[in-house]
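# Structural description and commentary
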Amino acid sequence: MARKRKTPEQHSIDPAAQQMLIRADELGIGTAFTRADAMAPCNIGSAGMCCKICGMGPCRLTKDGQTGICGATIDTIQARNLIRAISAGAAAHSDHGRDMAFTLKAVANDEAEGYIIRDVAKLRTIAKLYDIPIEGRAPKEIANDLADLYIAQFGQQKGEIALLKRAPAKRQKVWKDTGVVPRGVDREVVEALHRTHIGDDQDPEHILQHAVRLAIGDGWGGSLIATDISDILFGTPAPVLGQANLGVLKENMVNVVVHGHEPTLSEMIVAASQTPEIIAYAKEAGADGVNLSGICCTANEILMRQGIPAAGNFLQQELAILTGSVEAMVVDVQCIMQALVGLAENFHTKIITTSPKVKIKGATHIQFDEHHALTIAKNILREAIDNYKNRGETQIPDVREDLIPGFSHEYINYMLGGSYRSSFRPLNDAIMSGRIRGVAAIVGCNNPRSQHDYLHTHVTKELLKQDVLIVETGCGAIASAKLGLLLGEAGLDQVGPGLREVCETVGIPPVLHMGSCVDNSRILTVLTQVVEEGGLGDDIDQVPAVGLAPEWMSEKALSIGTYCMASGAYVIFGGSSPVSGMPDRMEDSDIVANYISKGWEELYGGKMEFILDPDEMIQATLDHIDKKRAALGLPEYVPDKYGRSGDARMLEMEELPWAERREALYGVAAD
Ligand code: SF4
Ligand code: MSK
């Protein structure tokens, strides 16, 4: 029997996405949404119960007590599958950091055309952390030393990663005591592959201990490097006005969509698009200019630094092309669907691959090289402009929303305390008093197995009502942006009174956009600073905070989840679990799922769970936050303790006679 196809409304909550899905249907073009309808996931593979590590298999374990041909048990197979996925995620994520380190080295040595060091203050701050001399030295000299130190981290064979000292002292001790201090992420990834070769490590807990080690190597030794260097080269983000959704594409301009992850090329494309020669070239082609926008995390990178609009998140990459208005989609690494090339053949869009690591059959390849970045960026833009004349019928949804991204941890520090006393004190105090119940980081991808953007935004909206401050990155942040939750005033009528009071006082939206997926490292830095500020325990696992990836799909998400867990966070994934097994049919198929929850919690204070139902996710988040509040001895959260918001109270008071207003304001009784 044919599987039932979903309607556009069932596929996505986003009206722009729905419009494009209707267009795809009319044109008879398939998308990830319809392909997901047509392809049922394999229930053995998705539960981690299939092993294809050697040529005696694949072995599919579906019955109680069954083993693979080599004798491997279900828990060993699930642990091996999980660590392999985490390794691939960590490799991709940390390799991004490595490329950034090589770019910094090239900039320091005047070998990188068009780049400058934009944030010298951050360069000096970071260099000082590692005792790199800064006084009396030129920024490029300091950058050269920092680049050497960072490049050396990846391939370090012994010792420990230098960046671990940026975690709370107690956390570093937990890692030492449990034997999960990473040497260098490359070595840990290789060792994970070695351990999972046929006939090696066959103790699931031992395998998973190494998964923790390698994920810490990614989070604190790969992603954090990517974030540091992106800020140094392109500027540390601060709030800026941006827009999101397909309505940012323009009829009268050459639309270039940058998609992927690394900011090195996209930043240069931004610069090149603003040069007089490129603007003149676009005008000669009959357009008003070049309109840049982004998809996925490249979007987040240039959105939070330059205010360049985001055309959408992961599941909108095909939909952008379906508008018929995109002259070129320029991609680098990660989250790029192979389907783009076939889809683009129905339109005039050129898919341009740029990374030496990523080619797609049928795409145009213009290889990026940071040594000649500006020239390459201009060549790419000329290619797009030349394609403008080939544009056919277009349909751009008139749907877009304003947002304020750019909440780096540096900016949060500054906004809370001002330039002379920047501090996390007000945030800690608000959590301690119960105005803010706790913090949730909602991050990660989209997945066509669930309704596009629904889980992200449902969980976000419900937690906001419960006075939970939300920080977001990746495709989750774009989902909230499209709903208007990343705006100061616009989102505040949807949040609890205590949180609203804090947002109004500080002047922030209730959902803070902290960047791309490598910028989950910023969340770790915030949590560390919260701990260092005092009053919320002496380690990350004591802070009333939870991490959620409601629509996860990538292996990187698993690496991120594992390093956040290892840092002390409770991490909840939505959707299917790669280690769920079939406990109704196989008693021992939930050993790994239990171990990464309860077992890891005993060791690291954090835990990782997969929860299908969004309302259960919300309840688990609140329960955890309340449990942590109680453990810290903080007052119980009382929803209406803080009554109405500050602004609302002031407005009401203006209506009162003076004597009553005086009593309300100063507690001085009316005569
Ligand atoms: Fe089967 Fe063992 Fe080979 Fe895996 S390693 S495919 S369980 S024989
Ligand atoms: S892009 S990894 S879909 S967040 Fe970072 Fe989005 Fe997930 Fe890719």
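Residues numbered from 1 in each chain as written. Chains lettered and ligands numbered in written order. Predicted model: local features only at pLDDT ≥ 70, side-chain atom pairs only at ≥ 80, totals over all residues. Heavy atoms only, no water.

### Focus on the overall build of the protein chain
Tallying secondary structure elements over the protein chain gives 27 helices and 16 strands in all. Relative to the globule expectation of 26 Å for 671 residues, the C-alpha radius of gyration of the protein chain, 25 Å, shows essentially globular dimensions. In terms of its C-alpha atoms, the protein chain occupies a principal-axis envelope of roughly 85 × 70 × 65 Å. Per-residue burial over the protein chain gives 60% buried out of 671 residues. Taking contacts inside the protein chain between residues at least 6 apart in sequence as the whole, the part at least 24 apart equals 75%. Summed over its atoms, the accessible surface of the protein chain is roughly 25300 Å², and 52% of this surface lies on carbon and sulfur atoms. Within the protein chain, one finds 64 positive and 88 negative side-chain charges whose respective centroids are separated by 3 Å. (Helix = DSSP H or I, 4+ residues; strand = E, 2+ residues; numbered from the N terminus. Rg over C-alpha atoms; globule rule 2.2 N^0.38 Å. Buried < 20%, exposed > 50% of the residue type's maximum accessible area, 1.4 Å probe, protein only. Contact = heavy atoms within 4.5 Å. Areas by Shrake-Rupley, 256 points an atom, 1.4 Å probe, with all protein chains shown as cover. Lys, Arg positive; Asp, Glu negative; His and termini not counted. Charge placed at Lys NZ, Arg CZ, Asp CG, Glu CD.)

### Observations regarding the site of ligand 1
Neighbouring ligand 1 are 13 residues, the closest being C51, C54, G57, C59 and C70. Its residues assigned to classes, the shell around ligand 1 shows 10 nonpolar, two polar and one charged. For the shell around ligand 1, the two domains that each supply at least three residues are domain 1 (11-60) and domain 2 (74-234). (Near = heavy atom within 4 Å. Nonpolar A, V, L, I, M, F, W, Y, C, P; charged D, E, K, R; others polar. Domains from an automatic or database assignment.)

### Observations regarding the domain arrangement of the protein chain
Interfaces are often sized by the accessible area lost when the parts come together. Segmentation of the protein chain into domains returns domain 1 (11-60), domain 2 (74-234), domain 3 (242-390) and domain 4 (404-631). Summarising the inter-unit geometry, the C-alpha centres of domain 3 and domain 4 are found 31 Å apart. Contacts between domain 3 and domain 4 engage 20 residues on the former and 23 residues on the latter. Looking at the side of domain 3 facing domain 4, the largest losses of area belong to M304, N313 and L315, adding up to 35% of the total buried there. At the surface where domain 3 touches domain 4, the tally comes to zero salt bridges. At the junction of domain 3 with domain 4, the criterion picks out 13 residue pairs in polar contact (both at pLDDT 80 or more). Among the secondary structure elements, those contributing two or more residues to the side of domain 3 that touches domain 4 are β3 (242-244), α12 (296-306) and β6 (310-312). Examining the composition of the side of domain 3 that touches domain 4, we find that eight residues originate from one element, α12, more than from any other. (Buried area = accessible area lost by both parts, 1.4 Å probe. Salt bridge = Lys/Arg side-chain N within 4 Å of Asp/Glu carboxyl O. Polar contact = N/O pair within 3.5 Å; in protein donor to acceptor, adjacent residues only side chain to side chain.)

### Observations concerning the sheet that holds strand β15 (residues 570-573)
Across the sheet, six strands lie side by side as β13-β12-β11-β14-β15-β16; this open sheet has parallel pairing. Every other strand in the sheet has two partners, leaving β13 (511-515) and β16 (607-610) as the edge strands with one partner each. Recorded for the sheet is a direction-independent mean angle of 20° between the axes of neighbouring strands. With four bridges connecting them, strand β14 (residues 545-549) and β15 associate as parallel partners. Looking at β15, one finds that G547 is bridged to V571. Against the sheet, helix α19 (residues 474-482) touches β12 (468-473) and β13, its axis set at about 115° to β12. (Pairing = 2+ DSSP bridges. Axes fitted to C-alpha atoms, helices over the stretch in contact; angles between N-to-C directions.)

### Details of the packing of aromatic side chains
With the rule as written, the count across this model stands at nine aromatic pairs. Consider the rings of F573 and F610, whose centres lie 4.8 Å apart with planes at 15°: the pair is stacked. Taken together, the positions of F573 in strand β15 and F610 in strand β16 put the pair 37 residues apart, joining distant regions of the chain. Since its relative accessible area comes to 0%, F573 is described here as buried. Among the residues examined, F610 registers a relative accessible area of 17% and is labelled buried. Ring pairs connect the aromatic residues F407, Y411 and Y414, which therefore count as one cluster. Above the face of the Y570 ring, K607 is positioned so that its terminal group lies 4.4 Å from the ring centre. (Phe/Tyr/Trp six-rings, centres within 6.5 Å; stacked < 30°, edge-to-face > 60°. Lys NZ or Arg CZ within 6 Å of the ring centre and 35° of its normal.)

### A word on the pattern of salt bridges
Counting across every chain of the model gives 43 salt bridges. Linking D148 and K105 is a salt bridge whose minimum nitrogen-to-oxygen distance equals 2.8 Å. A residue pair is termed long-range when its members are at least 10 positions apart, and D148 in helix α6 (residues 139-154) and K105 in helix α4 (residues 74-108) qualify at 43 residues. Here R305 ties to E301 by a salt bridge, and the two come within 2.8 Å at their closest N and O atoms. Placement of both R305 and E301 in helix α12 is noted, with a separation of four residues, approximately one turn of the helix. Each member of the pair, R305 together with E301, is buried. Salt bridges sharing partners connect three or more residues here, namely K122, D231, E301, R305, E410, D519 and R522.

### Notes on helix α24 (residues 591-604)
Here α24 spans 18 Å end to end across 14 residues, near enough to the 20 Å set by a 1.5 Å rise per residue. The largest bend along α24 measures about 25° and falls at S597. What α24 keeps buried is the set V592, Y595, I596, S597, G599, W600 and Y604. Looking at the buried positions of α24, the neighbouring elements they touch are α4, α7 (169-178), α9 (204-234), α23 (555-566) and β16. Phi for G605, located one or two positions after α24, is positive at around 80°. (Expected span 1.5 Å × (residues − 1). Bend = angle between axes of the 7 residues up to and from the residue.)

### A short note on the packing of α4 against α6
What describes two packed helices is the angle between their axes and the distance between those same axes. Two elements in contact, α4 and α6, have axes separated by 8 Å at closest approach and are oriented at 150°. If you check the angle between α4 and α6, you find them roughly antiparallel. Crossing hand, α4 versus α6: left-handed. Contact residues: S94, G97, R98, A101, F102, L104, K105, V107 and A108 in α4; K140, A143, N144, L146, A147, D148, Y150, I151 and F154 in α6. Considered class by class, the residues forming the contact of α4 with α6 number 11 nonpolar, three polar and four charged. (Parallel < 35°, antiparallel > 145°, perpendicular 65-115°, else oblique. Left-handed = near helix turned anticlockwise from the far one by under 90°.)

### Focus: the packing of helix α5 (residues 120-129) against α6
At a minimum axis separation of 10 Å, α5 and α6 run at an interaxial angle of 50°. Here α6 runs oblique to α5, going by the angle between their axes. Considering only the axes of α5 and α6, their crossing is left-handed. Listed contacts from α6 to V120, L123, R124, I126 and A127 of α5 are P139, I142, A143, L146 and Y150. Of the residues belonging to the contact of α5 with α6, the class tally is nine nonpolar, no polar and one charged.

### Focus on the site of ligand 2
Not every one of the 13 residues close to ligand 2 is listed here, only the nearest: H261, C297, C335, C475 and C517. Broken down by secondary-structure element, the contributors of at least two residues to the shell around ligand 2 are α12 and α19. In terms of residue class, the shell around ligand 2 is made up of eight nonpolar, four polar and one charged. Counting only domains with at least three residues in the shell around ligand 2, you end up with domain 3 (242-390) and domain 4 (404-631).

### Considering the pairing of strand β8 (residues 350-353)
Both faces of the sheet carry side chains from a regular strand, because those side chains alternate between them. Both strand β7 (residues 326-331) and β8 contribute to a ladder of four bridges, which runs parallel. Its bridge partner lying in β8, M329 is registered against I351. Handedness of the crossover is the feature at issue here: the chain leaves β7, passes through helix α14 (residues 339-344), returns alongside β8, and the resulting connection is right-handed. Relative to strand β9 (residues 364-365), β8 runs parallel, the two sharing two bridges. (Right-handed = clockwise from strand over helix to strand, strands pointing away.)

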